Amino acid sequence: MTGQTSPFGALREQLLDAAAAFADSPVTVSDILSGLVDDVDRALREELEIFPVCHHSPASALAMVRRLREKQPKVIYLELCEDLRPLLSELRNCRLPVAVQAFATELDGFPLSWAPLSVVAPITEASAEYQAISYALETPGVELVLVDRSTDHVFQWAPHEEPGKKEHAEEAGLHGDAVGIELGDLRPRFAELEEHLLHHGKVRHWSEWWDQYVEQPLSGADYDTYRQVMVLIGSLFRRLDRDGGRRSVDEDRERYMWTRMREHLAASGADPADCLYVCGAFHAASHVEQFGLKSTAAFEITPRTGTKWLYGLIPSSHSAIEAQFGLASGSVSIAAATWDKALTRGKLTPFQLAGQRGARKRVAKLPAPVPQGEVADRLTGFLSQPPALDELDEAELLGWSVDIVRLARRNGYLASTADAIAVFETSILLAGMRNRARPTPYDFQDAAVTCIEKDVVPGRRDVRRLCEIMLGGDRVGEVGYDALPPLARDVYDRLAPLGLDLEKRTIQRALLDLNADPELVPCSDLLWMLRYLLPRDAVRPIMGERRLGERSIQESWDLAFGKHQRSIIELGYEGVTIEQVLEQRLRRSVWDPKATAAVALAAVEDAVLFLGGRRFADELGQRAVELLSSERSVDDAPEVLRRIRRLMSYYRAHEPELPAWCEEFATSGYAHYCTLLPTAFVDDDTGARQVAAMLGFLFSMEGLALSLGCDRAQLELAVQQSHPEAPDKVALLWAARSQLGLLPLAQLRARCDELLANPLVVPSFPLYILGFVQAMEPVPALSGFVVEVISKAFGQLPDRVLLPWLPKLITSLRDQAGELMPALVREAGRTFPGTLAAVDGWVPPWTARSARPAAAPAGAAPVASGPVAELLLGHPAACDAVAGLLGCEGSWQAPAPGPGEVAALLAGHPEPALALAGLLA
């Protein structure tokens, strides 16, 4: 269409003259300005009426309410993922804001590293999309058609990197890592343009600029003006867009939507005059060849992948929307307040779903439809005239000033009436400096921060946050019971005996006396499973615990289900019951490619604790055996030892016999650790704690392993082949040889004495001590010897050596052997005297033993005679070997003659002896 026949011809000429007069490169600028007018003209002359919107914009919502009343369309095409359509009727069971969600955990056609995939589309009452949805669902004969790409295509067209895996602020927790679908993202993708607008608009961020220069002027504008201005803004941002990758995705979305609309019109036979296409202003100025109903350009829509998508509603909030879409904090709350005020001022009745929770009951009666007139130029007047400035509403501003002072005092600020007056005057002053006749909420925020906060924040909330709370607060949505998935409803039903309102967002205390009320035992079981599956602060036990073989008599819980409703809803995407979800997660964890034997043992323990039964636990245990046999690292040896000991103790106490997988785990682990032991002793990447855990497994499982067919020679050979160089590992090797009988205690004591006497070794002696302390895990009998070694070090080393040496010893023990220190302290308590007075006369037992003479003193009592003494004297080799092993020194003594009284008694009364002999025979 030429400029002469277009209603915007005069505006085009004015813009071209301005470009020629003021621009440095008039050709480039004139092309852009002329293109803006062409985009507006093209969009408004399209046969299918296009309604441009900006997401969560009160001005868009107000224009939508007015237009729906005037046009009363029969078909509404909405820019939203087409597969989310069945969920929209469930909005009536929710309290807004909520988010429509698509969720997938089992992927088919996408990289497994992307799992889980999640898409959310938040909906607030002050949004054009909600008004369109409410009108379509509540008006008979109106069809609502979602025409945007499916959630599957969202990730098909995503860049080849993990989508949604970015860090969000804490406020985005309601949406998690979901990819946000927004209806009408209007923000410059040209950084220089945004910076220019913020600087000359005298505002801090984009949300404030948009509110001041778009929202406020358009909130009371007529429909034609609103429509032309929004398309103009969308066209401007589109022509200055430098993000080629995102532009390509946006154009594919536009091709997709126009293809779907033409398909629907062809199939339904609807009249385009009775239809309304609601899309973002950015898409309203589309340049794709598929634009318009008269276009014949084809677009091939690729099929969806095999990924199974699950759909539901999750709670949302103003802060979650702001954090996910990069809006300024408090902007959505301010938009909600602007929406309410505009409805009252314009005496408009918005559309809402019947039975909408948390909303005022409004009945929207539709007037007679108004026919659409000819397209007229409204841009010229809007752009050439200064915006109408709202007059100062002193009552409103004064109320804000008084309320913020009252709220500040409640939060610890020393605010007074004088501060309220200062906030009032400063707000007017700031608005005047920014060329505003009426202070905006952002001006009021700045004034409150300046006058009240000063330089100290006494509590956890600053004044800016208090202003957001006062102006509307962070509204949090709630999904109603009827809109919950089956699993979430099952959770609420099973916890009904607690007598709590679990939909409240406050933390509630649940008290369970399981002895007095046995019917609460299923509630306790469910709470423990939820504790495992939900975030830590959603279900928090205050009193009571659950361990293997132990059950609490009384329990106390803090429950915050209302705050974590999203997490409970997403559990419903994984299964029908909590037990099913827990079983799936445990099975998934042990079959993960990165799973280890320790992970599998933890899964076995959780299965026993929460699910009971033997079938599933035995399945996970068999997987633990496979993982242990295939491991080539011993990094998890301490956890493996701790968990298998606990599980075997449980089975021995509560089962008639050990499960088959436990026996197989013992034999496989015995052979596995014997094979890796020599390498672990010399490997620098393997610490003493890991080696000690390996030895602990071998020594503690030795009896069971040998009874099941293992050979002890394998362990002896592994120890003999180990030649460590690190001091702590050398001490561990000595302890292992002592346990196997290859190193007598006397020799071990002599070696330690040699180390203490060698000045070159003394600096590294703490490492030897650390090794001996770690050896208390596999060889508990060495606890007394470890106390002896440490005591000798403190007693023999001079202060010049001991004082620099002591900090290293303490830090090493704390960092690497902290869990063994209680046992060491208990052994020291048994060794040392219990009173201060006894210390002076106390002689260390190892000192007395080493100073004991080799021969018995002359006055010693003679050794008793008898068959035992004669047997020992006849075969002294066995006693000598045991004495050498224990480090005892001494010599054999001749037995004294037997006492004559006993012989005479037996000879005089032989009957008892004969009767005993007959009984034994």
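Sequence positions are assigned chain by chain, starting from 1 and proceeding in written order. Selection of residues for local features in this predicted model requires a pLDDT of at least 70, selection of side-chain atom pairs for listing and counting requires 80 or more, and totals for whole chains, interfaces and linings are taken over all residues. Excluding hydrogens and water, the side-chain values take into account all heavy atoms of the structure.

**Focus on the overall build of the protein**
At step 1: Each helix corresponds to a stretch of at least 4 residues labelled H or I by DSSP, and each strand to a stretch of at least 2 residues labelled E; elements are numbered beginning at the N terminus. The secondary structure content of the protein amounts to 40 helices and 13 strands.
At step 2: When the 921 residues of the protein are sorted by exposure, 50% land in the buried category.
At step 3: Across the protein, the fraction of contacts at a sequence separation of at least 24, relative to all contacts at a separation of at least 6, is 76%.
At step 4: Per-residue accessibility takes into account occlusion by the displayed protein chains alone, with areas from the Shrake-Rupley method and a 1.4 Å probe. For the protein, the computed accessible surface area is about 43400 Å², with 55% contributed by carbon and sulfur atoms. Burial classes follow relative accessibility: with a 1.4 Å probe on protein chains only, a residue under 20% of its type's maximum area counts as buried, one over 50% as exposed, and anything between as partly exposed. Here, residues are in contact when the closest pair of their heavy atoms is within 4.5 Å.

**What about the sheet that holds strand β8 (residues 275-280)?**
Adjacent strands of a sheet form backbone hydrogen bonds with each other and so pair up, either parallel or antiparallel.
At step 1: The strand order across the open sheet formed by four strands is β1-β8-β2-β6, and the pairing between neighbours is parallel. At either margin of the open sheet sits one strand with a lone partner, and together these are β1 (49-53) and β6 (143-148). The average undirected angle you get between the axes of adjacent strands in this sheet is 30°.
At step 2: The pairing of strand β2 (residues 75-81) with β8 spans four bridges and is parallel. Of the residues in β8, the one forming a bridge with Ile76 is Leu276.
At step 3: Only the stretch in contact is used when fitting a helix axis, every axis being a line fitted to C-alpha atoms; angles between N-to-C directions are given from 0 to 180 degrees. Strand contacts of helix α3 (residues 58-71): β1, β2 and β8, with the helix running at about 160° to β1, the strand carrying the most contacts.
At step 4: In the packing of helix α4 (residues 128-138) onto the sheet, contacts are made with β1, β2 and β6, and the angle to β2 comes to roughly 135°. What makes two strands pair is DSSP finding at least two bridges between them.

**Some details on the pattern of salt bridges**
At step 1: Here a salt bridge means any side-chain nitrogen of Lys or Arg lying within 4 Å of a carboxyl oxygen belonging to Asp or Glu. On inspection of all chains with the given rule, the structure shows 47 salt bridges.
At step 2: In this structure, Glu574 and Arg585 form a salt bridge, with 2.8 Å as the shortest nitrogen-oxygen distance. Here Glu574 is found in the loop between α20 (565-571) and α21 (578-590), whereas its partner Arg585 is found in helix α21, with eleven residues between them in sequence.
At step 3: With relative accessibility at 26%, the residue Arg585 sits in the partly exposed group.
At step 4: Across the pair Arg749 and Glu788 runs a salt bridge whose closest N-O atoms are separated by 2.6 Å. Pair noted here: Arg749 is in helix α30 (residues 745-757) and Glu788 is in helix α32 (residues 783-796), with a separation of 39 residues, a long-range link.
At step 5: Exposure remark for Arg749: the relative accessible area of 12% places this residue in the buried category.
At step 6: In this structure Glu788 comes out as buried when scored by relative accessible area, which is 3%.
At step 7: By sharing partners, the salt bridges in this structure join Arg247, Glu251, Asp252, Arg255 and Glu289 into a single network.

**Considerations on the pairing of strand β5 (residues 117-123)**
At step 1: Among the seven residues in β5, seven count as buried, and that is most of the element.
At step 2: Alignment of strand β4 (residues 98-104) against β5, held across seven bridges, turns out to be antiparallel. Bridge pairing in β5 places Ala104 opposite Leu117.

**Overview of the nonpolar core**
At step 1: Here, nonpolar core means buried Ala, Val, Leu, Ile, Met, Phe, Trp, Tyr and Cys residues that are tied together by side-chain atoms lying within 4.5 Å of each other. Leu495, Phe561, Tyr651 and Phe665 are the most contacted members of the largest nonpolar core, which has 203 residues in total.
At step 2: In terms of residues, this core owes the most to one element, helix α25 (residues 660-682), which gives eleven residues.
At step 3: Discounting chain neighbours no more than four positions away, the residues touching Tyr651 are Val604, Val608, Arg614, Ala617, Leu658, Pro659, Trp661 and Cys662.

**Some details on a nonpolar patch on the surface**
At step 1: Residues enter a patch when their relative accessible area is above 30% and they make no salt bridge; the linking distance is 9 Å between like charges and 5 Å between nonpolar side chains (Val, Leu, Ile, Met, Phe, Trp, Tyr). On the surface, Val868, Leu872, Leu873 and Trp892 cluster together into a nonpolar patch covering about 360 Å² of accessible area.
At step 2: Within the secondary structure, Leu873 sits in helix α37 (residues 867-874).

**So, the packing of aromatic side chains**
At step 1: Side-chain rings of Phe, Tyr and Trp, where Trp is taken by its six-membered ring, are said to pair if the distance between their centres is within 6.5 Å; with planes under 30 degrees apart they count as stacked, over 60 as edge-to-face, and otherwise as tilted. Counted by the stated rule, this structure contains 23 aromatic pairs.
At step 2: Where Trp661 meets Phe665, the ring centres are 6.4 Å apart and the plane angle is 85°; that geometry is what we call edge-to-face. Here the residue Trp661 and the residue Phe665 both occupy positions in helix α25, the gap between them amounting to four residues, near one helical turn. Accessibility classification places Trp661 together with Phe665 in one group, the buried group.
At step 3: Feature note: the residues Tyr650, Tyr651, Trp661, Phe665, Tyr673 and Phe697 constitute an aromatic cluster, connected by ring pairs.
At step 4: Ring-over charges, as used throughout, are those where CZ of Arg or NZ of Lys falls within 6 Å of the ring centre and within 35 degrees of the ring normal. Taking NZ or CZ as reference, Arg69 lies 5.3 Å from the ring centre of Phe351, over its face.

**Remarks on a negative patch on the surface**
At step 1: Positive charges are assigned to Lys and Arg, negative charges to Asp and Glu, while His and the chain termini are left out of the count. Every charge is mapped to an atom, namely NZ of Lys, CZ of Arg, CG of Asp or CD of Glu. A surface patch of negative charge is lined by Asp635, Asp684, Asp685 and Glu725.
At step 2: With respect to the helices, strands and loops of the structure, Asp685 is situated in the loop between α25 and α26 (688-700).
At step 3: With relative accessibility at 69%, the residue Asp685 sits in the exposed group.

**Thoughts on the sheet that holds strand β12 (residues 539-543)**
At step 1: Across the sheet, which stays open at both edges, the three strands sit in the order β11-β13-β12 with antiparallel pairing between neighbours. On the outer flanks of this sheet lie β11 (508-513) and β12, each paired with one strand and no other. Across the sheet, the mean angle from the axis of one strand to that of its neighbour is 25°, orientation sign disregarded.
At step 2: Relative to strand β13 (residues 554-559), β12 runs antiparallel, the two sharing four bridges. Residue pairing for β13: Pro541 is matched across the bridge by Trp557.

**Describing the pairing of β4**
At step 1: Of all seven residues that make up β4, seven are buried, and the element is covered over most of its length.
At step 2: Here β4 shows a buried face lined by Val98, Val100, Ala102 and Ala104 and a second buried face lined by Ala99, Gln101 and Phe103.
At step 3: Taken together, the six bridges between β4 and strand β9 (residues 310-315) define a ladder with antiparallel strand orientation. Counted as the bridge partner of Gln101 is Gly312 from β9.

**Some points on a positive patch on the surface**
At step 1: Taken together, the side chains of Arg460, Arg461, Arg505 and Lys563 define a basic patch exposed on the protein surface.
At step 2: Mapped onto the elements of the fold, Arg461 is located in the loop between α16 (441-453) and α17 (463-471).

**With respect to unusual backbone geometry**
At step 1: Residue Pro97 follows Leu96 across a cis peptide bond; omega there is 5°.
At step 2: With respect to the helices and strands, Pro97 occurs in the loop between β3 (94-95) and β4.
At step 3: Despite not being glycine, Gln72 has its phi angle at roughly 50°, a positive value.
At step 4: Within the chain, Lys347 stands out as a residue other than glycine whose phi angle is a positive 55°.
At step 5: The topology assignment puts Lys347 in the loop between α12 (331-346) and α13 (379-384).

**With respect to the packing of helix α19 (residues 521-533) against α21**
At step 1: For the pair α19 and α21, interaxial distance at closest approach is 11 Å and the crossing angle is 40°. Relative to α21, the element α19 is oriented oblique. Here α19 runs over α21; the crossing is left-handed. Facing α19, whose interface residues are Leu526, Met529, Leu530, Tyr532 and Leu533, α21 presents Ile578, Glu579, Val581, Leu582, Arg585 and Leu586.
At step 2: Charged means Asp, Glu, Lys or Arg here, nonpolar means Ala, Val, Leu, Ile, Met, Phe, Trp, Tyr, Cys or Pro, and polar covers whatever is left, Gly included. Residue classes in the contact of α19 with α21 are distributed as nine nonpolar, no polar and two charged. Convention used here: angles under 35 degrees read as roughly parallel, angles over 145 as roughly antiparallel, angles from 65 to 115 as roughly perpendicular, and any remaining angle as oblique. For any helix crossing, the convention is left-handed if the near helix is rotated counterclockwise from the far helix by under a right angle, and right-handed if that rotation is clockwise.

**Remarks on helix α8 (residues 223-239)**
At step 1: Multiplying 1.5 Å by the residue count of a helix minus one yields the expected span of that helix. Between the first and last C-alpha of α8 there are 24 Å, a value that for 17 residues agrees with the 24 Å anticipated at 1.5 Å per step.
At step 2: Here α8 lies mainly inside the structure; 15 of its 17 residues are buried.

**Focus on the packing of helix α29 (residues 727-739) against helix α31 (residues 765-775)**
At step 1: At their nearest, the axes of α29 and α31 sit 7 Å apart, and the two run at 40° to each other. Accordingly, the angle class assigned to the pair α29 and α31 is oblique. Helix-helix and strand crossings are classified by hand; for α29 and α31 the assignment is right-handed. Every residue of α31 that contacts α29 at Pro727, Asp728, Val730, Ala731, Leu732, Trp734 and Ala735 is listed here: Leu767, Tyr768, Gly771, Phe772, Gln774 and Ala775.
At step 2: Its residues assigned to classes, the contact of α29 with α31 shows ten nonpolar, two polar and one charged.

**Brief notes about α21**
At step 1: The terminal C-alpha atoms of α21 lie 19 Å apart, and with 13 residues this matches the ideal 18 Å at 1.5 Å per residue to within 8%.
At step 2: Those residues of α21 that fall on the buried side of the exposure criterion are Ile578, Val581, Leu582, Leu586 and Val590. One side of α21 holds all its buried residues, which, seen down the axis, span an arc of 160°.
At step 3: Looking at the buried residues of α21, the elements they touch are α18 (486-494), α19, α20, α22 (597-611) and α23 (615-630). Taken from the helix axis, the directions to the C-beta atoms give the arc we talk about.

**Quick notes on the confidence of the model for the protein**
At step 1: A residue's pLDDT is simply how confident the predictor is in it, with values from 0 to 100. On average, the protein scores 82 in pLDDT, and the residues at 70 or more come to 85%.
At step 2: Predicted confidence is poor over residues 162-171, with pLDDT under 50, and the contacts of this stretch with residues over four places away or in other chains come to 18 contacts.
At step 3: Ignoring residues within four places in sequence, the model shows residues 850-859, a span with pLDDT below 50, making four contacts including any to other chains.

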